[in-house]
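# Residue-level structure breakdown
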Amino acid sequence: MQSLQDRIRENVIAAIQAGELRPGAQIDEKALAEQFDSSRTPVREALLMLAAQGLVSIAPRAGMFVHKPSAAELVAMFETLAEMEGVVARLATRRISTEGRKALSTAHEAAGIPARACNAAAYAEANRAFHDVLYQAAANPFLTEQIVQLRRRLAIYWQRKDLINEARLASSYREHSQVVDAILSGQADAAAEAMRIHISAGGRALADLVLLAEAPSA
């Protein structure tokens, strides 16, 4: 059974990922306490946990805010994610089972449907399922945990409707194809490189969109 702090924490994470709480937005601790019929203490403890994960920033005498990364921080996060996902691809190539190979092919084919239909929301779900298959195949729970934490910090940008670039879907799917081909043919280094290129390309495209969307109007 989840503790009150965990329920509050998951509620805030969901609001951030849904775009209800945008980067830089102040978090209303009083409203959260009323929502969960609790004192401010569990709310503060939950937010401190999120601050430790990099999702929340603490401003002395001002309150708690959804963390808003700088352009340099955003690029650094994508660079880190690209390297970690590359390791996943390499490990998956070496460790994937017969069932895993079938699951990977199935997940890749399923992602092709929303990619061809330019359905960004559905592709995001299919993309998540595709990467989940690779995490399972890599069989490294610690690495997966680190990636999940980092993806949580980036999810607010990936899931913002005003930042979805549908033109990116076709190229993303082609990049997935290169990863899948390398894994299924047993080329671990090629799979890692293809995955690094894939994540880096998506990161650059998204970072450009974020900076454009948040730039002050002339």
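Computed from a predicted structure; not experimentally measured.

## A short note on the confidence of the model for the chain
For the chain, mean pLDDT is 88; residues scoring 70 or higher make up 89% of the total. The secondary structure element of the chain with the lowest average pLDDT is helix α9 (residues 188–214), at 79, and the one with the highest is helix α5 (residues 98–116), at 97.

## What to know about the packing of helix α4 (residues 71–95) against helix α6 (residues 120–138)
Closest axis-to-axis distance for the α4/α6 pair is 7 Å, and the angle between their directions is 60°. Here α4 lies oblique to α6, going by the angle between them. Handedness of the α4/α6 crossing: left-handed. For the pair α4 and α6, the contacting residues are E85, V88, L91, A92 and R95 in the first and H131, L134, Y135, A137 and A138 in the second. Of the residues assigned to the contact of α4 with α6, the class counts are 7 nonpolar, 1 polar and 2 charged.

## Structural notes on the pairing of strand β1 (residues 56–59)
Pairing geometry for β1 and strand β2 (residues 63–66), over 4 bridges, is antiparallel. Bridge pairing in β2 links A59 to G63. Counted between consecutive antiparallel strands, the loop separating β1 from β2 contains 3 residues, among which R61 sits at a positive phi close to 65°.

## What about the side chain of H176?
Inspection of the secondary structure assignment puts H176 in helix α8 (residues 167–184). On the basis of relative accessible area, H176 is assigned to the buried category, the value being 0%. If sequence neighbours within four positions are ignored, H176 has contacts with H108, Y123, N127, F130, H131 and H198.

Conventions and cut-offs
- Residues numbered from 1 in each chain as written.
- Predicted model: local features only at pLDDT ≥ 70, side-chain atom pairs only at ≥ 80, totals over all residues.
- Heavy atoms only, no water.
- pLDDT = per-residue confidence, 0-100.
- Helix = DSSP H or I, 4+ residues; strand = E, 2+ residues; numbered from the N terminus.
- Axes fitted to C-alpha atoms, helices over the stretch in contact; angles between N-to-C directions.
- Parallel < 35°, antiparallel > 145°, perpendicular 65-115°, else oblique.
- Left-handed = near helix turned anticlockwise from the far one by under 90°.
- Contact = heavy atoms within 4.5 Å.
- Nonpolar A, V, L, I, M, F, W, Y, C, P; charged D, E, K, R; others polar.
- Pairing = 2+ DSSP bridges.
- Buried < 20%, exposed > 50% of the residue type's maximum accessible area, 1.4 Å probe, protein only.

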